[in-house]
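# Coordinate inspection notes
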Amino acid sequence: MVTAGEILAQALPQLERNIHPVVIISAFKRALADALDIIEDISLPVNVNDDKAMYQLISSSIGTKFVSRWSDLMCKLALKAVRVVSHDVGGGKKEVDLKRYAKVEKIPGGEIEDSKVLDGVMVNKDITHPKMRRLIKNPRVVLLDCTLEYKKGESQTNIELSKEDDWNRILQIEEEQVKLMTDAIIAVKPDLVITEKGVSDLAQHFLVKANITALRRVRKTDNNRIARATGATIVNRLEDLHESDVGTQCGLFEIEKIGDEYFTFITQCKSAKACTILLRGPSKDILNEIERNLQDAMSVARNVMFHPRLSPGGGATEMAVSVRLAQMAKKVEGVQQWPYKAVAEAMEVIPRTLIQNSGSSPVRVLTKLRAKHAEGGSTWGIDGDKGSLVDMREYGVWEPEAVKLQSIKTAVEV
């Protein structure tokens, strides 16, 4: 976007040389405040629980991208993922952390239509022992950030053995230490143990005897998502493990083989605040492109969750700001009207670029659009395909108001 400052720089030679910069800056700030009020005035509230309205909004962001042919599916995936991870933090504020709690897993093979949002977490892991259960309903989950192995000395350790029984005693001490660790876990009666570190063969033996399934070397980020989905608390020391740390909100634990790899599914969570978006497709390149497009769609849905108002797209918002600021500039006295005109002229760049890209005459179409807005048609914009004027309320192209507000703030401040 051409900034208002660049337009004003061309106009400055016409201004008096002795004008103080503070006068110009204050006029810019007034113009910015008026522009924000105009955007607020022409924007409409949106019900974030109305699927149809949200789909229409999200589809605008992916209409020209590769995934546009699966628009309905992508809108559904993006909206569901954002709704799952949205979380009220109190004080009327919402947290929607897509980066930490909405993981995209791409598995080549299958149809793109097989993509879905899981109400829980999926990790690329298999059980550590073949006799452990691969399917558990309503599992009790324990999450650990410590090893289930005999802890070796951090520095070099020398042991002097004087008789044969001493060697057996050393091995026995190892077993006793591992037994104490597993006893601490068994005491809270879990069905599933997931640790970010290793699990020794001996620990697996004790866990299998207690009918407990174990996963090891899970990523920290995955463990955080599992904790949020199941209601479990990640424990760093087994001595601190209590009943309250056990997660009970998971409905189903199962392991499936997809292609050549095993995947663990922790799903059907009662109030999952984390999710995994499972993408299927013919190749890695296509899956990477789908992921990029999906991230755009989720960002739009997230912005609307934070600020549930929509502005008309197709250059309509920018043109409305341009026309009204030009009208306001006539009422401003002295040199302060120049920044108003500069901002108004800069805002015309967006509709002009849309007209040029569609192959129409910028001067003729822009003049018609300016006339429409002068008559009060603040929702009229440009049809990007035909280059003609169209009412965005009928055309159905809307954008999050939060993005419009931020873009004009940044443009004027720069």
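Just so it is clear, the model here is predicted, and its values are computed rather than measured. Each chain has its residues counted from 1, following the order in which its sequence is written. Predicted model: local features are reported for residues with pLDDT of at least 70 only, side-chain atom pairs are reported and counted for 80 or more only, and whole-chain, interface and lining totals are derived from all residues. To obtain the side-chain values, all non-hydrogen atoms of the structure were included, while hydrogens and water were left out.

Bringing the overall build of the protein chain into the picture now. Along the backbone of the protein chain there are 15 helices and 18 strands. Computed over C-alpha atoms, the radius of gyration of the protein chain comes to 30 Å, more than 25% over the 22 Å expected from 2.2 N^0.38 for 414 residues, which places it beyond the range of a compact globule. With respect to the three principal axes, the spread of C-alpha positions in the protein chain is 100 × 50 × 35 Å. Exposure is judged per residue with a 1.4 Å probe applied to protein chains only, and the accessible area is read against the type maximum: over 50% gives exposed, under 20% gives buried, and values in between give partly exposed. Here the protein chain holds 414 residues, and 47% of them are scored as buried. In the protein chain, the share of contacts with a sequence separation of at least 24, taken over all contacts with a separation of at least 6, comes to 74%. Note that accessible areas follow from Shrake-Rupley with a 1.4 Å probe, and for residues the cover is restricted to the protein chains shown. Surface accessibility of the protein chain: about 21,700 Å² in total, with carbon and sulfur atoms responsible for 48%. For the protein chain, the centre of its 58 positive side-chain charges and the centre of its 57 negative side-chain charges are spaced 3 Å apart. Only DSSP runs of H or I with at least four residues qualify as helices, and only runs of E with at least two residues qualify as strands; both kinds are numbered from the N terminus onward. Here the globule rule is a power law, 2.2 Å times the number of residues to the power 0.38, and the radius of gyration is based on C-alpha atoms. Contact between two residues is taken to exist if any of their heavy atoms lie within 4.5 Å; hydrogens are not considered. For this count, His and the chain ends are skipped, Lys and Arg are scored as positive, and Asp and Glu as negative. Charge coordinates come from a single atom per side chain, which is NZ of Lys, CZ of Arg, CG of Asp or CD of Glu.

Turning next to the nonpolar core. By size, the foremost hydrophobic cluster in this structure holds 81 residues, and its most contacted members are M74, L144, L148, I194 and I277. Among the elements that take part in this core, helix α4 (residues 71-85) stands out by supplying 10 residues, more than any other. Those residues in contact with I277, other than ones at most four positions away along the chain, are A81, A102, K103, V104, E105, K116, V117, L294 and M298. The criterion is simple. A nonpolar core is a set of buried Ala, Val, Leu, Ile, Met, Phe, Trp, Tyr and Cys residues joined through side-chain atoms within 4.5 Å. Counting 19 residues, the second largest nonpolar core, distinct from the first, contains A31, A35, V321 and A344.

In this section: the side chain of D97. Relative to the elements of secondary structure, D97 occurs in the loop between β3 (93-96) and α5 (98-101). In the analysis that follows, any N or O atom pair within 3.5 Å is treated as a polar contact, provided that within protein one partner can donate a hydrogen and the other can accept it, and provided that, for residues neighboring in sequence, both atoms belong to side chains. At 3.2 Å, the side chain of D97 and the backbone nitrogen of R100 are in polar contact.

Before going further, it helps to examine the confidence of the model for the protein chain. Scored from 0 to 100, pLDDT records how confident the predictor is in each individual residue. For the protein chain, the average pLDDT comes to 85, and 94% of its residues sit at 70 or higher. Low confidence marks residues 14-18, where pLDDT is under 50. Its contacts with residues over four positions away, or in another chain, come to 5 contacts.

This next bit is on the layout of surface pockets. A probe as big as a water molecule, rolled over the atoms, marks out the empty space that is left. Of the voids in this model, the largest pocket is the one considered here, and its volume is about 650 Å³. Only Asp, Glu, Lys and Arg are considered charged, only Ala, Val, Leu, Ile, Met, Phe, Trp, Tyr, Cys and Pro nonpolar, and every remaining residue, Gly among them, polar. Its residues assigned to classes, the lining of the largest pocket shows 10 nonpolar, 12 polar and 3 charged. Whether a set of points on the 1 Å grid over the protein atoms alone is a cavity depends on a 1.4 Å probe fitting there but being unable to get out, while an open set qualifies as a pocket with protein on both sides within 12 Å along at least five of seven lines; lining residues are those with an atom within 4 Å of a point. Grid points are joined across faces, edges and corners, and a volume is the space filled by probe spheres set on the points. Approximately 330 Å³ is the volume attributed to the second largest pocket. Lining the second largest pocket are 13 residues, with T147, Q177, M181, L238 and E239 positioned closest to its centre.

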